[in-house]
Amino acid sequence: MAYSEKVIDHYQNPKNVGTLDKAKQNVGTGLVGAPECGDVMRLQIEVDEESGIIKDAKFKTFGCGSAIASSSLATEWLKGKSVDQALAIDNMDIVEELNLPPVKIHCSVLAEDAIKAAINDYRVKNGLPELVEEKKHH
Amino acid sequence: MELKLPIYLDNNATTPCDPRVVDAMLPYFTEKFGNAASRSHSFGWTGEEAVDYAREQVAKLINADPKEIIFTSGATEGDNLGIKGVYEMYASKGNHIITATTEHKAVLDTCKHIEKIGGQVTYLQVNDEGLIDLQELENAITDKTILIAIMYGNNEIGVLQPVREISKIARKHGVLFFTDGTQAVGKIPVDVQADGIDLMAFSAHKMYGPKGVGALYVRRKNPRVKVTAQMDGGGHERGMRSGTMNVPGIVGFGKACEICMNEMEAEGKRLSILRDKLENGLMQLEEAYVNGSREHRLPHVTNISFKYVEGEGLMMGFNKDIALSSGSACTSASLEPSYVLKALGLGDDLAHSSLRFGLGRFTTEEQVDYTIKAISDTVIKLREMSPLWEMFKDGVDLNSIEWAHH
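Residues numbered from 1 in each chain as written. Chains lettered and ligands numbered in written order. Predicted model: local features only at pLDDT ≥ 70, side-chain atom pairs only at ≥ 80, totals over all residues. Heavy atoms only, no water.

(A) Structural detail: a positive patch on the surface. All names here are of chain B. A cluster of basic side chains, namely Lys-67, Lys-221, Arg-224, Lys-226 and Arg-238, defines a positive patch on the protein surface. Tracing the chain through its elements places Lys-67 in the loop between helix H2 (42-61) and strand E2 (69-72). Residue class for Lys-67 comes out partly exposed when judged on its relative accessible area of 48%. (Patch = residues over 30% accessible without salt bridge, like charges linked within 9 Å, V, L, I, M, F, W, Y side chains within 5 Å. Areas by Shrake-Rupley, 256 points an atom, 1.4 Å probe, with all protein chains shown as cover. Salt bridge = Lys/Arg side-chain N within 4 Å of Asp/Glu carboxyl O. Lys, Arg positive; Asp, Glu negative; His and termini not counted. Charge placed at Lys NZ, Arg CZ, Asp CG, Glu CD. Helix = DSSP H or I, 4+ residues; strand = E, 2+ residues; numbered from the N terminus. Buried < 20%, exposed > 50% of the residue type's maximum accessible area, 1.4 Å probe, protein only.)

Spelled out as structure tokens, the structure:
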């Protein structure tokens, strides 16, 4: 299968690979997927407490090129967004931006799940109620 | 020697045609185009002679009689004809077949079909090296057993089954022994007499011959074996396989067998040295594991798992320059990782992290050196990006985590 230019670019030059201190109050961590399924994503956000803006985002991903590209793109999109804006990121936006073929849509779903999981972790840490999954994935 | 890119290390999937094979084939597309079954003119005679000569070349490679060679379209057809053909021919004797879980899909799916039409199939498990247990095999034989179908060498891990011991057990119980010799024939000495093989499917394109041609060996003496044809038509190949002979393909197949006959020994030695170099180079990486027996295997094959990186992601790091295949699910249409690796007892995580290397006649040492470096660099880079690697390095037990399966 041929990868799109954008997937190859993210794979070769991934943005925001790394680890944030998950013990910090303003850091939310999402770990989704499973080794048995062939992909695991860990996505972290660091929220500016005053403004509620995501000031940093990092990822590490075990998976195929599309999974790596999806998480790399997600961290780029997260930075500078408010937590509420971040919640609006849809997996199909990732599919479109990266030109993912149908067999790789699950990679984008995983990235959206990782965003939601990181936000939830941040919310719970800060005494906010956990978000209930209401949206059906494409 | 200058390094030639891209590097092809997927010789278990297919091999390039040897130029000598192509040269032998060319006249049979144009001036010698006759139908080998045309008995009334010289065009047909020329074709028939060419097929007869190729049949001798093929037979010689496996120490068979030329009359025991049935030309087919390839190993998948040979597997189907051998197994279904025996099942139908020996229906009065029984309906039970014994095979193994690590067989090629052409054998497994054929066996599934036989189960659907009322046959019984026993699927033997393999141990963590990929080998069947001979005692288990013998215990599985019943008075209804007509066939044991166990491959010679495995396509994913290169592991060689104990063919001679299997055939002894088959003989002892009066059961026929079929083997899929696709990966082994032309790579290591395969001798149907010494090995006690009754039927064997193999293919030209795995041994530097053309695609679309192969053979089924069917024993004619001690015992005389017969298979029921699976295609009806002009009664070619002694009635076992109808259809106009693929004369250029068969000529190429014969030539490929002749070359293997002459060069196999030296080539096997050369490739096992290169394979060991590749393997030892890659095993310098932490948490790298060779899958399957390292003792009983083909000289040109290795299969390695690089824990905590995913196979397809790994290949993306170098697949512009190096052609390989992975046991990861992402490379195939199915979502399950390699069933062969899973049969060895590998967890899905290790199966997802595997690469299959098949060296070949045209692999050079420079290519092996390049491959070691390119793969090592990519593994290291991807591990830096892998949350699992980080957890492993932090001493986190990955089994203690509740993963969200999706």
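(B) Representation of the pattern of salt bridges in the model. Throughout the structure, instances matching the rule amount to 29 salt bridges over all chains. As a salt-bridge pair, Arg-42 of chain A and Glu-390 of chain B come within 2.8 Å of each other at their nearest N and O atoms. Separated into two different chains, Arg-42 of chain A in strand E2 (residues 39-47) and Glu-390 of chain B in helix H13 (residues 387-393) make up a pair that spans both. Accessibility expressed as a relative area gives 8% for Arg-42 of chain A, which makes it buried. Residue class for Glu-390 of chain B comes out buried when judged on its relative accessible area of 15%. Glu-48 of chain B is paired through a salt bridge with Arg-39 of chain B; the nearest N and O atoms lie 3.6 Å apart. A relative accessible area of 26% means that Glu-48 of chain B is categorised as partly exposed. Within this structure, Asp-18, Arg-20, Glu-263, Glu-267 and Arg-361 of chain B form a network of salt bridges that share partners.

(C) Structural view of the environment of Gln-193 of chain B. Residue and element names in this part refer to chain B. Residue placement: Gln-193 occurs in helix H7 (residues 192-195). It is 9.9 Å that separates the C-alpha atoms of Gln-193 and Arg-164, two residues lying 29 residues apart in sequence. If sequence neighbours within four positions are ignored, Gln-193 has contacts with Asn-63, Glu-68, Tyr-217 and Arg-219. Side-chain polar atoms of Gln-193 contact the side chain of Arg-219, separated by 3.2 Å. (Contact = heavy atoms within 4.5 Å. Polar contact = N/O pair within 3.5 Å; in protein donor to acceptor, adjacent residues only side chain to side chain.)

(D) Inspection of empty space enclosed by the protein at higher detail. The tally for this structure, following the rule as stated, stands at three cavities of 30 Å³ or more. Reported here for the largest cavity is a volume of approximately 60 Å³. For the largest cavity, the full set of lining residues is Gly-186, Lys-187, Tyr-208, Met-264, Glu-267, Gly-268, Leu-271, Pro-299, His-300, Leu-359 and Gly-360 of chain B. Looking at the lining of the largest cavity residue by residue, the class counts come to five nonpolar, four polar and two charged. Each pocket or cavity is described by its volume, and for the second largest cavity that value is around 40 Å³. Surrounding the second largest cavity, Thr-61, Phe-62, Gly-63 and Ile-68 of chain A together with Tyr-308, Val-309, Glu-310, Leu-382 and Ser-386 of chain B form its lining. (1 Å grid on protein atoms, 1.4 Å probe; cavity = no way out; pocket = protein on both sides within 12 Å on 5 of 7 lines; lining within 4 Å. Points joined across faces, edges and corners; volume = space filled by probe spheres on them. Nonpolar A, V, L, I, M, F, W, Y, C, P; charged D, E, K, R; others polar.)

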